[in-house]
Amino acid sequence: MTERLLNLKSEVREELKNAKSVHELNAVKARYVGKKSPLQEVLGKMREADAETRKALGKAINEFKSFVEEEVSARLQEITAAEIQKRLESERLDVTLPGKRFSAGRLHPLSKTIEEIEDICIGMGYEIAEGPEIETDHYNFELLNLPKGHPAREMQDSFYLDVVHLLRTHTSPVQARVMQKAGGKPIKIICPGKVYRRDNDDATHSHQFMQIEGLVIDKDITMADLKGTLALLMRRMFGDELEIRFRPSFFPFTEPSVEVDVTCFKCGGEGCPLCKGTGWHEVLGAGMVHPNVLRMSGYDPETNQGFAFGLGIERIAMLRYGIDDIRYFYQNDPRFLKQF
Ligand code: DAH
């Protein structure tokens, strides 16, 4: 009988060697020491044996049981170690590999230009105002001294949505909106925003572009305030050596009106291809707020004066960065954008 147990031991060893998982180990264990194991046969024999043999068999059975226990737990350790090893290998990380490069986003050149102008103006005490892109004829034209049939309306071919509404053709309607809200109090605002015109898109025209409007209203505001403000703004943008020049012009909402040129920052005014040999760049329109405009939005022109200006953001950005085609701004080509 002890011999039979000895044989069983080598069978157990063999089967444990082939077991690959905890589940299989438990199955082997059950087969050899469980209810249906060959041990039952030995136990059956025990009943017939004499006291001496029974004692010996009992000892042998116990010894066999603990043998199986030990072998199973030894094999369990092996299997667990192998599993850990396998996981370590499959999840191995090469910490010396270079990291994945990801490109950080950045501000669009137009946003950058707006933010710069805003910063400079906030430094001079301006507040930022906003107005709707869908405007009424009333705000976009009438309150700016452009009554129906006024020839200057033709300067701005417009996108009408219905007889009353249109996409604003400039940021100037914000002037009237701010004045009405301020109810006669002093005003010092700028308003950046998108504007729309029925233009055919080419290197210098776009049906949608951006402007910044400026409006200052107070007592005793003069042309000198306008000139000083614009000179400071332009010098901050383009450099301290810059000269500024006012040319008489016409806008229905200002009187007198001017167009403002700055000396070419590339050649310093001598004439170069960028300024087409003139030494100057036209950068904005401006003027003293027309008495009609003040009156229509609740300000008495006898006691209040103001100046206003409007500049094209794309134009400023094109000059600053030397960009020769406005369409680059809208194409979102990363090769263009990542230069800023
Ligand atoms: N609104 C004008 C345009 O779009 C620009 C402009 C000119 C705005 C003179 C002003 C101004 O405030 O005073 O062409």
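Colleague: How should I be thinking about the packing of aromatic side chains in this particular structure?
Modeller: The geometry of an aromatic ring pair comes down to the distance between the two centres and the angle between the two planes. Counted according to the given criterion, the structure contains nine aromatic pairs. Ring centres 5.9 Å apart and planes at 25° place the aromatic pair Phe-251 and Phe-253 in the stacked group. Of the two residues examined, Phe-251 and Phe-253, each falls in the buried class. Ring geometry for Tyr-328 and Phe-336: centres 5.4 Å apart, planes at 20°, overall stacked. Among the residues examined, Phe-336 registers a relative accessible area of 9% and is labelled buried. Its end group placed over the ring of Phe-67, Lys-9 keeps NZ or CZ at 5.1 Å from the ring centre. Arg-320 extends its terminal NZ or CZ atom over the ring of Tyr-321, reaching a point 5.6 Å from the ring centre.

Colleague: Quick question: what am I supposed to make of the domain arrangement of the protein here?
Modeller: Domain assignment breaks the protein into domain 1 (2-90) and domain 2 (109-337). The distance between the C-alpha centroids of domain 1 and domain 2 comes to 93 Å.

Colleague: Please clarify how unusual backbone geometry should be interpreted in this entry.
Modeller: Excluding glycine, residues mostly have negative phi values, and the peptide bonds linking residues are mostly trans. Look at the link from Glu-255 to Pro-256: it is a cis peptide, with omega at -5°. Position of Pro-256 among the secondary structure elements: in strand S7 (residues 254-263). Look at Asp-220: it is not a glycine, yet its phi comes out positive at around 60°. By the element assignment, Asp-220 lies in the loop between strand S5 (208-218) and helix H8 (223-238).

Colleague: Can you help me understand the layout of surface pockets in this one?
Modeller: Empty space within the largest pocket amounts to approximately 1300 Å³. Every residue lining the largest pocket is counted, 48 residues in all, and those nearest its centre are Phe-209, Glu-282, Val-283, Gly-312 and Arg-315. Examining the composition of the lining of the largest pocket, we find that seven residues originate from one element, strand S8 (residues 280-289), more than from any other.

Colleague: Which parts of the structure should I look at to understand H8?
Modeller: Structural remark: α-helix, 3.6 residues per turn; residues separated by three or four positions point the same way. For H8, with 16 residues, the first-to-last C-alpha span of 22 Å sits near the 22 Å given by 1.5 Å per residue. The complete set of buried residues in H8 reads Leu-226, Thr-229, Leu-230, Ala-231, Leu-233, Met-234, Met-237 and Phe-238. Of the surrounding elements, those touching the buried residues of H8 are helix H5 (109-123), strand S6 (244-251), S7, S8, strand S9 (305-312) and helix H10 (313-321). Looking at where H8 begins, the residue whose side-chain oxygen comes 3.2 Å from the main-chain nitrogen of Ala-224 is Thr-222. Of the residues trailing H8, Gly-239 is marked for its positive phi of about 120°.

Thresholds, definitions, all that
Residues numbered from 1 in each chain as written. Predicted model: local features only at pLDDT ≥ 70, side-chain atom pairs only at ≥ 80, totals over all residues. Heavy atoms only, no water. Phe/Tyr/Trp six-rings, centres within 6.5 Å; stacked < 30°, edge-to-face > 60°. Buried < 20%, exposed > 50% of the residue type's maximum accessible area, 1.4 Å probe, protein only. Lys NZ or Arg CZ within 6 Å of the ring centre and 35° of its normal. Domains from an automatic or database assignment. Helix = DSSP H or I, 4+ residues; strand = E, 2+ residues; numbered from the N terminus. 1 Å grid on protein atoms, 1.4 Å probe; cavity = no way out; pocket = protein on both sides within 12 Å on 5 of 7 lines; lining within 4 Å. Points joined across faces, edges and corners; volume = space filled by probe spheres on them. Expected span 1.5 Å × (residues − 1). Contact = heavy atoms within 4.5 Å. Polar contact = N/O pair within 3.5 Å; in protein donor to acceptor, adjacent residues only side chain to side chain.

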